[in-house]
Amino acid sequence: MTVYSHSRISSFEQCPLKFKLHYIDEVESEIGEGVEAFLGSRVHDVLEKLYKDLKFEKINTLPELLEFYNSEWEKNWNENILIVRKEYDKENYRQMGERFITDYYNRYKPFDHDKTIGLEMRIVIDINGKKIQGFIDRLASKDGVYEIHDYKTANTLMTQEKADEDRQLALYAIAVKEMFSDCEKVELVWHYLAFDKEIRSTREDEALEELKKEVLKAIESIESAENYPAKESALCDWCEYQPDCPNFRHLFEVEKKTIEEFKDDDGVKLANEYAAWKIKEQKVNEKVKEIRDKIFAFGEQKKVNKVYGSDTAVTIWQKDCVKFPGRTDERHATFVELLKKEGLWDEFTTLDKFKLEKAFENLDIDPEKMQELAKFGKKELIKRLYMRKR
Ligand code: SF4
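Read on for an overview of the structure.

Cut-offs and rules
Residues numbered from 1 in each chain as written. Predicted model: local features only at pLDDT ≥ 70, side-chain atom pairs only at ≥ 80, totals over all residues. Heavy atoms only, no water. Helix = DSSP H or I, 4+ residues; strand = E, 2+ residues; numbered from the N terminus. Buried < 20%, exposed > 50% of the residue type's maximum accessible area, 1.4 Å probe, protein only. Contact = heavy atoms within 4.5 Å. Areas by Shrake-Rupley, 256 points an atom, 1.4 Å probe, with all protein chains shown as cover. Axes fitted to C-alpha atoms, helices over the stretch in contact; angles between N-to-C directions. Parallel < 35°, antiparallel > 145°, perpendicular 65-115°, else oblique. Left-handed = near helix turned anticlockwise from the far one by under 90°. Salt bridge = Lys/Arg side-chain N within 4 Å of Asp/Glu carboxyl O. Near = heavy atom within 4 Å. Nonpolar A, V, L, I, M, F, W, Y, C, P; charged D, E, K, R; others polar. Pairing = 2+ DSSP bridges. Polar contact = N/O pair within 3.5 Å; in protein donor to acceptor, adjacent residues only side chain to side chain. Phe/Tyr/Trp six-rings, centres within 6.5 Å; stacked < 30°, edge-to-face > 60°. Lys NZ or Arg CZ within 6 Å of the ring centre and 35° of its normal.

### Observations regarding the overall build of the chain
Part 1 of the reasoning: The helix and strand tally for the chain stands at 15 helices and eight strands.
Part 2 of the reasoning: With the C-alpha coordinates of the chain rotated into their principal frame, the extents come out at 95 × 65 × 45 Å.
Part 3 of the reasoning: In the chain, which comprises 390 residues, the share counted as buried stands at 33%.
Part 4 of the reasoning: Restricting to contacts in the chain with at least 6 residues of sequence separation, those with at least 24 account for 64%.
Part 5 of the reasoning: On the chain, roughly 27,100 Å² of surface is accessible, and the fraction owed to carbon and sulfur atoms is 52%.

### Quick notes on the packing of helix H3 (residues 35-55) against helix H5 (residues 90-108)
Part 1 of the reasoning: Where H3 contacts H5, the axes come no closer than 10 Å and their chain directions differ by 30°. As judged from the angle between their axes, H3 and H5 are roughly parallel. Viewed along their axes, H3 and H5 form a crossing whose handedness is right-handed. Facing Val-35, Glu-36, Leu-39, Val-43, Val-46, Leu-47, Leu-50 and Tyr-51 of H3, the residues of H5 in contact are Tyr-93, Met-96, Gly-97, Phe-100, Ile-101, Tyr-104 and Tyr-105.

### Concerning the pattern of salt bridges
Part 1 of the reasoning: All told, the structure shown has 35 salt bridges when counted by the stated rule.
Part 2 of the reasoning: For Asp-45, the salt bridge is made with Arg-42, and the minimal N-O distance between the two is 3.1 Å. Note that Asp-45 and Arg-42 are positioned in helix H3 at a spacing of three residues, about one turn of the helix.
Part 3 of the reasoning: One network of salt bridges, with partners in common, ties together Glu-147, Lys-185, Glu-187, Glu-198 and Arg-200.

### Examining the site of the ligand
Part 1 of the reasoning: The environment of the ligand is formed by Gln-14, Cys-15, Leu-17, Lys-18, Ala-230, Lys-231, Cys-236, Cys-239, Gln-242, Cys-245 and Phe-248.
Part 2 of the reasoning: A breakdown of the residues in the shell around the ligand according to their chemical character gives seven nonpolar, two polar and two charged.

### Thoughts on unusual backbone geometry
Part 1 of the reasoning: The omega angle of the peptide bond from Lys-109 to Pro-110 is 5°, so this bond is cis rather than trans.
Part 2 of the reasoning: Along the polypeptide, Pro-110 turns up in the loop between H5 and strand E2 (115-127).
Part 3 of the reasoning: With a phi close to 50°, Glu-26 is a non-glycine residue in the positive phi region.
Part 4 of the reasoning: Assignment of secondary structure puts Glu-26 in the loop between helix H2 (16-24) and H3.
Part 5 of the reasoning: Unusually for a residue other than glycine, Asp-196 sits at a positive phi of about 50°.
Part 6 of the reasoning: Here Asp-196 shows up in the loop between strand E5 (185-192) and strand E6 (197-201).

### Here we look at the packing of helix H1 (residues 6-14) against H2
Part 1 of the reasoning: Contact geometry for H1 and H2: axes closest at 5 Å, N-to-C directions at 135°. Considering the angle they form, H1 stands oblique to H2. Contact with H1, carried on its side by Ser-7, Arg-8, Ser-11, Phe-12 and Gln-14, involves Pro-16, Lys-18, Phe-19 and Tyr-23 of H2 and no other residues of that element.

### Quick look at H2
Part 1 of the reasoning: Residues of H2 that are buried: Pro-16, Leu-17, Lys-18, Phe-19 and Leu-21.
Part 2 of the reasoning: Of the surrounding elements, those touching the buried residues of H2 are H1 and helix H8 (205-223).
Part 3 of the reasoning: Phi turns positive one or two residues past the end of H2, at Glu-26, with a value near 50°.

### Re the pairing of strand E4 (residues 145-152)
Part 1 of the reasoning: Within E4, six of the eight residues are buried, which leaves the element mostly enclosed by the surrounding structure.
Part 2 of the reasoning: Direction of pairing for strand E3 (residues 130-142) relative to E4: antiparallel, over a ladder of five bridges. Residue pairing across strands places Ser-141 opposite Tyr-146, the latter belonging to E4.
Part 3 of the reasoning: Judged from the eight bridges that link them, E4 and E5 form a sheet pairing that is parallel. In the sheet register, Tyr-146 faces E5, and the bridge partner there is Val-186.

### A word on the side chain of Glu-147
Part 1 of the reasoning: Turning to its location among the elements, Glu-147 is positioned in strand E4.
Part 2 of the reasoning: Of note is the side chain of Glu-147, whose polar atom sits 2.9 Å from the side chain of His-149.
Part 3 of the reasoning: Contact partners of Glu-147, with chain neighbours within four places excluded, come to Asp-114, Arg-138, Leu-139, Ala-140, Glu-187, Val-189 and Arg-200.

### Concerning the packing of aromatic side chains
The description of two aromatic rings rests on the distance between their centres and on the angle between their planes.
Part 1 of the reasoning: The tally for this structure, following the rule as stated, stands at 14 aromatic pairs.
Part 2 of the reasoning: Aromatic side chains Phe-38 and Trp-73 sit 4.8 Å apart centroid to centroid with 80° between the ring planes, which places their arrangement in the edge-to-face category. Remark: Trp-73 occurs in helix H4 (residues 62-76) and Phe-38 occurs in helix H3; sequence separation between them is 35 residues. Neither residue differs from the other here; Phe-38 and Trp-73 are each classed as buried.
Part 3 of the reasoning: Among the aromatic residues, those joined into a ring-pair cluster are Phe-12, Phe-19, Tyr-23 and Tyr-228.
Part 4 of the reasoning: Over the face of the ring belonging to Tyr-4 we find Arg-8, whose NZ or CZ atom lies 5.7 Å from the ring centre.
Part 5 of the reasoning: For Arg-42, the ring lying beneath its charged end belongs to Phe-38, and the centroid distance is 4.8 Å.

Structure representation (structure tokens):
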């Protein structure tokens, strides 16, 4: 039976192909772990040690913790660890970790605000027969309030709005409420170590019930998936499956080539040729527009509707037209109301087929309605080329 987790579900949402390569095909990537993940693991090791030793009445000094951090860093470092941001090196990241630990230590010493219940604590919840597991960095309690602590080493600070919507710790809150009968309230606490900041949130029982429904829906999408398309995003830079991804495989091939081999690669030649012609096409379009404007001006000046060339006649057509408010116009909603009220809506509105097809593809429609719509859908291969600067 599949045991789900927040990261398993998020992976599918982020990129179905990445999900398939990782969880279904279990592909061993040739790219190593990212330095950010490595740094995160080392800082987690230190904070786990800090609280584990506290259970045995041992308070580590800051130098002791930093020594532990540095020795774990060296012991675990390997040359496959990937540094995407080439302007920084291993030493920059190691020092960041030292700062995170130092700030955390100074902020919370002597660490007696609460009682630690568990560290790296595995929790499992059952939602309608679907098992979801997770690991709580640190579970603590004080006066009936349980706190789920999560350490983040990211360089982007989460907003309060995002914290109030976060799924991962909210799922853990469901488990904690079920596990401890004296639990009156659960607080979700994120430690953004790079900013020396704590972000807190809570969830009402109704919100947790709503979350269960959302998670079930997400699992349903995963289980009913037939295709696993690559979904490119800013996170691709950190994806270990780039060599297996159709969006990046060619890049991997050509990066290994010498300059001569690179220039001789069929794909490189075609992409360069395409780019050159697209630039010419753009220039042609600009020229056509320029001449078009001149012909309008000529027509105005000469008071003519047709301009004759050697074997061409260009007709100038112009008319004053009425324009009604479009979707982006603030009067659009009122205008729609008026059309409905006057019984003109059905006659003068057209189906937004593009929007419907997109929602269908993204599974954004109720599954039962999808089944009905599917009877009318016909699969068609659409081919397009998009170009952007590398
Ligand atoms: S590189 Fe991007 S698009 Fe490709 S598998 Fe990874 S996340 Fe998906």
